[in-house]
Every structure is written in C-alpha cells, then in structure tokens.
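Chain residues, written in single-letter form:
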Amino acid sequence: MRSRSGGQSGAADRGDGARRYGGGARRPAGRAPTLRNRAARSSRTGRPEVPAAVSPALSLAAAYGWRLIVVGAVVYGIFVALGRFHLVTVAVFLALVLTALLGPVADLLNRRMPRYAAVALALLLGLLLLFGVLSLIGANVAGEWQGLRREFDGGVARIEDWLEGPPVHMRPDALSDVQARVSRFVSSHRSTLISTALTGADRVVKALTVAALALFCSVFFLHSGDRMWRWFDGQLPLRTRPPARLAGRAAWRTFTGYTRGIVLIAAINAVLVGAALFALGLPLALPLAVLEFFAAFVPLIGSPVALAVAAVVALATEGPLVAGVVALLIVVIGQIEGHVLHPFVMSWAVRLHPVVVALTVICGSVTAGVLGAVVAVPLVSVVWSVFTALRTPPVPLSPPPAR
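Residues numbered from 1 in each chain as written. Predicted model: local features only at pLDDT ≥ 70, side-chain atom pairs only at ≥ 80, totals over all residues. Heavy atoms only, no water.

**Q** I'd like to hear about the layout of surface pockets, residue by residue, with values.
**A** Space inside the second largest pocket adds up to approximately 1500 Å³. Surrounding the second largest pocket, 32 residues form its lining, L94, V97, L98, L130 and F294 being those nearest its centre. Sorting the residues of the lining of the second largest pocket by element identifies helix 4 (86–109), helix 5 (115–164), helix 7 (190–234), helix 8 (241–280), helix 9 (285–295) and helix 12 (354–391) as the ones contributing at least two each. Here the lining of the second largest pocket is composed, by residue class, of 30 nonpolar, two polar and no charged. (1 Å grid on protein atoms, 1.4 Å probe; cavity = no way out; pocket = protein on both sides within 12 Å on 5 of 7 lines; lining within 4 Å. Points joined across faces, edges and corners; volume = space filled by probe spheres on them. Helix = DSSP H or I, 4+ residues; strand = E, 2+ residues; numbered from the N terminus. Nonpolar A, V, L, I, M, F, W, Y, C, P; charged D, E, K, R; others polar.)

Structure representation (structure tokens):
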C-alpha cells in the first residue's frame, strides 16, 4: 500500500512536469511530437496547434530590416529636403568651410583686438587673398592670350597633320567635314545657345547670392559659434545632451581636419604642377596650377582631370612629346597624393579606405554633380566619426591607488 506522502510527492512531481511542459504529459528531452500526437492533442483541446514556423535568425533579420527601412526613409527625406533648398545648403557648407579655415586666424587676432574686429580682419584678409589670386590669373591670361592663340592655331594644324599620318591615317576631308557639321549645328541651334547663355547668367546671379549668404553666415559662425552651439544644446532633453556634445565635438573636429588637410594637399599639388609646367615652358602655367588647386578638392579624381586639360594644352601648343611628359606627370602626382599626402595629412582627421573614398566621390557626383563630389567625402567622414564616437564607450577613470 502506497503511503500518503509518497502519493503526494508523486502528484507534486506530475504537477511540476505538467507545468514544465504546458499541461501535457512528460516528454523526454530531445524528442519532437509526432503528427499523430499533435492531432490527438488538438482533438482534446479543440484548438489546432500551430508550430513555430519563424526561426530566431529570420525574426532577428526582420527586426533589423524594418528598422533599416525606417532609417533609409528618414535619410532619403533629409536629402530630398536639402535638395529643395540646395542653395541654402551650399551657402551653409561654404560658411562652415570659411569658419574652419579662418577660425585659427580669428583666434590669433583675438589676442590683440576684440572679437568682432578680429573676425572682420580675418574675413578681409581672406577676401584679399582670393581676389588677388583671381586678378593675377586674369592678368596672366590677358598677357599670354595673343601668343597662346597663335600657338593654339599652329598646334591644331599639327594635330591634324599627325592624325592624317601613321598610325591613324585619317582622311583629310574627315576633319573638314567635322568643322562643317559644327558650323551647321551652331547656326541651326542659335536660339538654344542664346537661352543657354542666359541660363548661365542666371546661374552667375545664383552663385553670387550663395557667396553673399555664405559670407553672412560665416561672420556669425566665427564671432559667436560657441554661443550658438550652447543655445542649441540647451534646447535638448537633459539625457541627450552628453551624447549630442560628444557627437558635435567629433563632427567639428573631423570637418575642420578634413578642410584644412584638403586645402594643404591642394596647395602642394598646385605648387608641384605649376613648377613642372613652368619647367616645361607650357603657356598658361599659372592658371593651370590654380585649376589643379581647385580640382584637388575632389579626392583621387580632380587632379587627373585638371592635368588632362594641361596635357591637351601641351599637345596643341608644344607637341606630343611635352604632352606625354604631362601625362606622365598625372601618374606621378596621383601617386604622391594617394600614397604620401593623403595618409600623412589626413590620417588623424579622416579614417576612410581609398576604395570608400572613390565610391563616395562617384556616388556624390552621380547624385549632385561636381558639388556632390566635393561634399560627399567630408559628409561621409563626419558621419563615420560621429558613429565611432557614439559607439565607443567612454573610458572609466581608474581609482587612485590605496595608501
């Protein structure tokens, strides 16, 4: 005869097993219920048993997927909004560039004079430098224009003779046919060309408006940028202020480092190219060097394009030999920029692989043309620095050693 205590303990074990397996009989571990057991259990409870059809990996992927869709929609909306107000966006970007470049000058002058006078003097020096370079380029082009025109006409004749000879053997009437087609195209599309010129004048007005707005914003950024950031930080909730400050410091440090670094790289490239073109006796060496300076703001792509223009000028004015030397200069400058200047100057500010930089430049140019190619790399660099700063946890301070 079984004791009452033994019966109670057995009932407790059975109750524990029922609770463990959801009210059913105890099932040995590792054995899945068969289809017959599922049908019998469904007939007893009156409800069909639905097996778990979604694996944990698929559930995790779905969770990340809809979050990525939401983030992508937000980013797309931001870019659409910036595209609608692209003139304002460009003006603010140029103002930030001026602030990054002239900020150290204004801080240095602020030691000797009030802040507003230091900002005004720094902007005045920057404008004088810009207009001085532009006037020097204009004077150089005006002084060499007549000689360049004669050399260019002779160079075009030499190019025609070279195309008619080996190894191309182009027919002489082919080039004259091309010139006739160009003349017919110009005469038949005269109204379109006039409207395009008027559109170009409208673009000049827009460019002047953007420049004026950028100068206006840069004055306030240089004078009271810290107070503007503190005001913005004060509008955030208390718990979001520390990460916002960390992200802001990382973004501004990366942006200023990239801006100053790319200006230094562009200046070095312009000096090297200008010296080489002067040594080769190429006309318009100074304007071509300045073109190299501005083209270097598009990493890995701008410098070869500018030197390709110099190679065309060399081919038309000096012949194939000098043009070949300029083409060789494209390779040399590209190697110096990619393997010496960018790693040495940009390593502390921008930590992006060259493949990422190239893809970023191409995507920016496809999206927004030349402006997108210029803005894409600093934008991606700032986003990556903010992500890295927010992902890395702060290093805790070690307690002082016990005495």
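**Q** Talk me through the environment of L215; I want residue IDs and the actual numbers.
**A** You can see L215 is positioned in helix 7. Taking the C-alpha atoms as reference points, L215 and L98, 117 residues apart in sequence, are found 8.1 Å from one another. The residues touching L215, leaving out its near neighbours within four places in the chain, are L123 and L127. (Contact = heavy atoms within 4.5 Å.)

**Q** So what's going on with the environment of N140? Which residues, and what values?
**A** Structurally, N140 is set in helix 5. As for N140 and P287, which are separated by 147 residues in sequence, their C-alpha atoms are 7.7 Å apart. What N140 contacts, discounting residues up to four positions off in sequence, is L284, L286 and P287.

**Q** Help me get a handle on the packing of helix 9 against helix 10 (residues 302–317), residues and values and all.
**A** One way to put it is that helix 9 packs onto helix 10 with a least axis distance of 8 Å and a crossing angle of 160°. As judged from the angle between their axes, helix 9 and helix 10 are roughly antiparallel. Handedness of the helix 9/helix 10 crossing: right-handed. Side by side, helix 9 and helix 10 meet where L288, L291, E292 and A295 of the first sit next to G302, S303, A306, L307, V309 and A310 of the second. Of the residues that constitute the contact of helix 9 with helix 10, the class distribution is seven nonpolar, two polar and one charged. (Axes fitted to C-alpha atoms, helices over the stretch in contact; angles between N-to-C directions. Parallel < 35°, antiparallel > 145°, perpendicular 65-115°, else oblique. Left-handed = near helix turned anticlockwise from the far one by under 90°.)

**Q** Requested: an account of the pattern of salt bridges, with residues and values cited.
**A** Considering all chains together, one arrives at two salt bridges under this definition. Ionic pairing is found between D107 and R115, a salt bridge with its closest N-O pair at 2.8 Å. Since its relative accessible area comes to 22%, R115 is described here as partly exposed. The salt bridge involving R245 is made with D233; its shortest N-O contact spans 2.9 Å. Residue R245 is located in helix 8, and its partner D233 is located in helix 7; the two are separated by twelve residues in the primary sequence. Assessed through its relative accessible area of 36%, R245 is described here as partly exposed. In this structure D233 comes out as buried when scored by relative accessible area, which is 7%. (Salt bridge = Lys/Arg side-chain N within 4 Å of Asp/Glu carboxyl O. Buried < 20%, exposed > 50% of the residue type's maximum accessible area, 1.4 Å probe, protein only.)

**Q** So what's going on with the packing of aromatic side chains? Which residues, and what values?
**A** To describe a pair of aromatic rings, you give the distance between the ring centres and the angle between the ring planes. Enumeration according to the criterion identifies seven aromatic pairs in this entry. Considering the side-chain rings of F216 and F220, the 5.0 Å spacing of their centres and the 65° angle between planes classify their relative orientation as edge-to-face. Here F216 pairs with F220, and both are found in helix 7, just four residues apart, close to one helical turn. The exposure class of F216 is exposed, given its relative accessible area of 51%. Judged by centre distance (5.5 Å) and plane angle (85°), the ring pair of F293 and F297 falls under edge-to-face. (Phe/Tyr/Trp six-rings, centres within 6.5 Å; stacked < 30°, edge-to-face > 60°.)

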